Amino acid sequence: MSSVLLIDDHAMFREGLTLALVQADPTLQIHSVASGNEALQLVQTETAISTVMMDYYLPDIGGGALLQRLRQLRPGLRILALSASEDPDDVRHALASGAHGFIHKSADSKTLFAALSSVMQGHGYLPPTFDSLATADNTHGNNNDDDASLLSRLTPRQTEVLRLMCDGLRNGEIAEQLGMTEKTVKAHVTAVLSGLGVLNRTQATLVARRAGLLGKPR
């Protein structure tokens with residue numbers, strides 16, 4: 001019996017997909033959780049889980065950050081990323097962070113099951129429109145320049161500053177909220193941009209979103 005962990009914050013989607021997968025293969029044992037943190041806890045206790053289907057954007061921790069933490073906990077996990085996003089960069093970053101496949105939530109249940117089966121059997125899966133990205137499946141997190149790795153280089157204080165930058169706060173507002181001088185904030189902002197290898201706040205926000213720092217996009 002194969003044990004699969006489904007991670008998605010929408011209860012109806014989890015329930016519907018669970019029913020569809022079990023109908024397609026009654027031998028599947030499906031565990032389902034609503035958040036990245038729940039998933040990390042369950043993976044540590046349910047050693048039978050061999051495959052994960054995860055929403056790429058979750059309210060707490062998602063994206064490349066969750067992928068990397070799952071693979072750190074259980075290097076042998078097979079992971080299929082699900083997303084409503086059609087951004088090709090999301091596919092690239094998911095694969096670079098450790099996903100073995102990527103599929104859109106708009107796919108029908110037959111296609112979703114085929115994608116899961118492919119990943120479970122040790123292969124990859126990409127939507128037909130992303131076949132050109134197939135070579136990225138071999139990276140599995142070895143790319144030191146993927147967004148989650150870039151984010152991990154920031155100090156806790158720099159990460160706090162980045163979150164507030166992403167909320168659109170100016171240096172003075174960040175200084176007031178964090179109880180520091182505007183000069184210090186400016187130095188942190190400069191360090192954040194340099195550490196992420198970006199030129200401005202917009203690009204920094206994009207890196208943070210893809211790495212899962214900001215949760216589900218609005």
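Residues numbered from 1 in each chain as written. Predicted model: local features only at pLDDT ≥ 70, side-chain atom pairs only at ≥ 80, totals over all residues. Heavy atoms only, no water.

A. Fine view of the sheet that holds strand E1 (residues 3-7). Read from one edge to the other, the open sheet built from five strands follows the order E2-E1-E3-E4-E5, with strand pairing classed as parallel. In the strand order of this sheet, the two ends are held by strand E2 (29-33) and strand E5 (101-104), each with one partner. Neighbour-to-neighbour, the strand axes of the sheet open up by a mean angle of 20°, direction not taken into account. In this sheet, E5 lies alongside strand E4 (residues 78-83) in parallel orientation, the contact comprising four bridges. Opposite Ser83, over in E5, you have His104 as the bridge partner. Strands E1, strand E3 (49-55) and E4 of the sheet are contacted by helix H3 (residues 63-73), whose axis makes an angle of about 175° with E3. Against the sheet, helix H5 (residues 109-120) contacts E1, E3, E4 and E5, and its axis sits at roughly 155° relative to E4. (Pairing = 2+ DSSP bridges. Helix = DSSP H or I, 4+ residues; strand = E, 2+ residues; numbered from the N terminus. Axes fitted to C-alpha atoms, helices over the stretch in contact; angles between N-to-C directions. Contact = heavy atoms within 4.5 Å.)

B. Just helix H8 (residues 171-178), in detail. Turning to H8, its buried residues are Asn171, Ile174, Ala175 and Leu178. For H8, the angular spread of buried residues about the axis comes to 100°, placing them on one side. When the buried face of H8 is taken as reference, the exposed residues oriented beyond 90 degrees from it are Glu176 and Gln177. As for H8, its buried residues are in contact with helix H7 (156-166), helix H9 (182-196) and helix H10 (201-211). (Buried < 20%, exposed > 50% of the residue type's maximum accessible area, 1.4 Å probe, protein only. Arc of directions from axis to C-beta.)

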